[in-house]
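# Geometric and topological summary
Each chain, letter by letter, is given below.
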Amino acid sequence: MDRARRGVTCPAVTPPTPRQAPDTDTDTTGPILTGDTVEGRRVLGFTCTARAAPTAADDQLLLRGDEHADRPPRRSSGPADQPSLVRTGRRPGSQMRTDPVRTHRPDDLRPGLTESFRELIHGPFTPHFTAVLIEHLAASGHHTWLSGGAPRDLLSGASPDEVNDLDLTGTAPAGAFTETTRQVLDLDGSSAEHPQRFSPDTLVCTVLDPVARTGGPSLDYRGLGLGLDGTSFPATGTDLLQDSLQRDLTVNTLLYEPVQNLVVDPLDTALDDLTDADGKRRLVPVNSSTDPLVCAEVLLRGVKFRLRWDDRALDDGPLCAWALALPDDLLDRLDRRGEETWHRLAGLWAQCVPDPTSPALKETIRRLGTVAAQLHARCERAGG
């Protein structure tokens, strides 16, 4: 749905256009991919109709045109259930594996980095079923990547024990991932007690650590972002570039593929933004969604990372320019979403702003402008 029809004027984000490799590497077997054809219509991705504890039977295939539906379709995502399936979708990341600009051997970026990734996945800082889970997903034809904070922080020089978040993304829809995870946990007697949690609103699948003192998650997974702006239900896909365009900042688009031992920079820019030629870290919004809730979430996460990295050489110019261009009536548009929207934003604000009295927070809000100040004040009240 275009911006004029939605009446939303969030600032446009124009990420760099990466070089495209020949579109010749297609799957002839395995799971259905974005870009395949079913019933003469292009496959977009997947959604899930379960409210809790999904299985693969709850994963629903999305075809071109379904993004305008009021509710998710009822259409199996299993290849065997789609006799009209034509394999035209590219293997995820296949074009990037042949592109030296966007794929890198970890030790080519920094000596010892391969061992850091190996230690994170196989070492004592990560639930020991993680590596087995990735192997099981690969055996079923799915690709899995470390995403978010883990690759970003290791590439920044952190040690594996300093990585706080373990996030995975991949081609497995929510039900298939949850079902595979349960099988892996049941096979591993020492992990069978790990409870699983599923959010039907975001399609995030979580494995909880029952002995963690904080009660925090052991592992979070969400399928690759699809970016169907304006749909009434969440969806995932199988394309790395499309996933990158749904994230908040370029530095958070970096991925690590354990099976191939590859660092992937889908936009060609994240590694440079993590440390530019002047040694600065650059905060560049990448999400091009026109949804006011997404704009607010990107803004809050921008605040988070500016506060976190305030003591580093930091270039926040792109973030500030984006924030200053936010529409003046953004909060009015959020009000139309109801109290649940503000509850969600207040929860995110609490995660992003650990110390509301921090002088650094005051300076950050000043630099980000009026809308940021209004959003901060409203979230603070909602959270209180």
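So, a few notes on the structure that sits alongside this text. (Residues numbered from 1 in each chain as written. Predicted model: local features only at pLDDT ≥ 70, side-chain atom pairs only at ≥ 80, totals over all residues. Heavy atoms only, no water.)

### Details of the pairing of strand β3 (residues 59–63)
- By the criterion of burial, β3 is predominantly enclosed, with 5 of the 5 residues buried.
- The side-chain alternation of β3 yields two buried faces, one formed by D59, L61 and L63 and the other by Q60 and L62.
- Pairing of strand β2 (residues 41–48) with β3, which is carried by 5 bridges, proceeds in the antiparallel orientation. If you follow V43 over to β3, its bridge partner there is L63. (Buried < 20%, exposed > 50% of the residue type's maximum accessible area, 1.4 Å probe, protein only. Helix = DSSP H or I, 4+ residues; strand = E, 2+ residues; numbered from the N terminus. Pairing = 2+ DSSP bridges.)

### Considering the environment of S116
- Take S116: it is sitting in helix α4 (residues 113–122).
- Once residues within four sequence positions are removed from consideration, S116 is found in contact with L154 and P160. (Contact = heavy atoms within 4.5 Å.)

### So, the packing of helix α5 (residues 129–139) against helix α7 (residues 174–187)
- Remark: α5 packs on α7, axes separated minimally by 10 Å, with the N-to-C direction vectors making an angle of 130°. By the angle class used here, α5 and α7 are oblique. Taken as a pair, α5 and α7 cross one another with a handedness that is right-handed. Residue-level inspection shows F129, V132, L133, H136 and L137 of α5 in contact with α7, the latter providing F177, T180, T181, V184, L185 and L187.
- Here the contact of α5 with α7 is composed, by residue class, of 8 nonpolar, 3 polar and no charged. (Axes fitted to C-alpha atoms, helices over the stretch in contact; angles between N-to-C directions. Parallel < 35°, antiparallel > 145°, perpendicular 65-115°, else oblique. Left-handed = near helix turned anticlockwise from the far one by under 90°. Nonpolar A, V, L, I, M, F, W, Y, C, P; charged D, E, K, R; others polar.)

### Comments concerning the pattern of salt bridges
- A complete count under the given rule lists 19 salt bridges for this structure.
- A salt bridge links R306 to D316; the nearest nitrogen and oxygen atoms lie 2.5 Å apart. Here the residue R306 occupies a position in helix α10 (residues 292–308), and D316 occupies one in the loop between β14 (314–315) and α11 (317–324), the gap between them amounting to 10 residues. Both residues of the pair, R306 and D316, count as buried.
- Through salt bridges that share partners, E39, R41, D66 and R75 make up one connected network. (Salt bridge = Lys/Arg side-chain N within 4 Å of Asp/Glu carboxyl O.)

### Regarding the packing of aromatic side chains
- Scanning the model with the defined rule gives 3 aromatic pairs in all.
- Summarising the aromatic geometry, the rings of F177 and Y221 are spaced 3.9 Å apart at their centres and angled 5° between planes, so their arrangement reads as stacked. With F177 in helix α7 and Y221 in strand β9 (residues 217–225), this pair connects stretches of sequence that are 44 residues apart.
- We note R281 situated over the ring of W309; from NZ or CZ to the ring centre the distance is 4.2 Å.
- Positioned above the aromatic ring of W342 is the side chain of R378, whose terminal nitrogen or guanidinium carbon lies 4.2 Å from the ring centre. (Phe/Tyr/Trp six-rings, centres within 6.5 Å; stacked < 30°, edge-to-face > 60°. Lys NZ or Arg CZ within 6 Å of the ring centre and 35° of its normal.)

### Thoughts on unusual backbone geometry
- Positive phi values are uncommon outside glycine, yet L203 reaches one of about 65°.
- Unlike most non-glycine residues, D268 shows phi in positive territory, near 70°.
- Inspection of the secondary structure assignment puts D268 in the loop between β12 (262–264) and α9 (270–274).
- Of the residues examined, D268 reaches a relative accessible area of 19% and is grouped as buried.

### Some points on the side chain of T130
- For T130, the position within the fold is in helix α5.
- The exposure class assigned to T130 is buried, which follows from its relative accessible area of 1%.
- Filtering out sequence-adjacent residues up to four positions away, T130 remains in contact with I121, L166 and L219.

### A word on the pairing of strand β7 (residues 196–199)
- Pairing analysis gives 4 bridges linking β7 to strand β8 (residues 204–208), with the strands arranged antiparallel. Each residue of the ladder has a partner; that of F198, found in β8, is C205.

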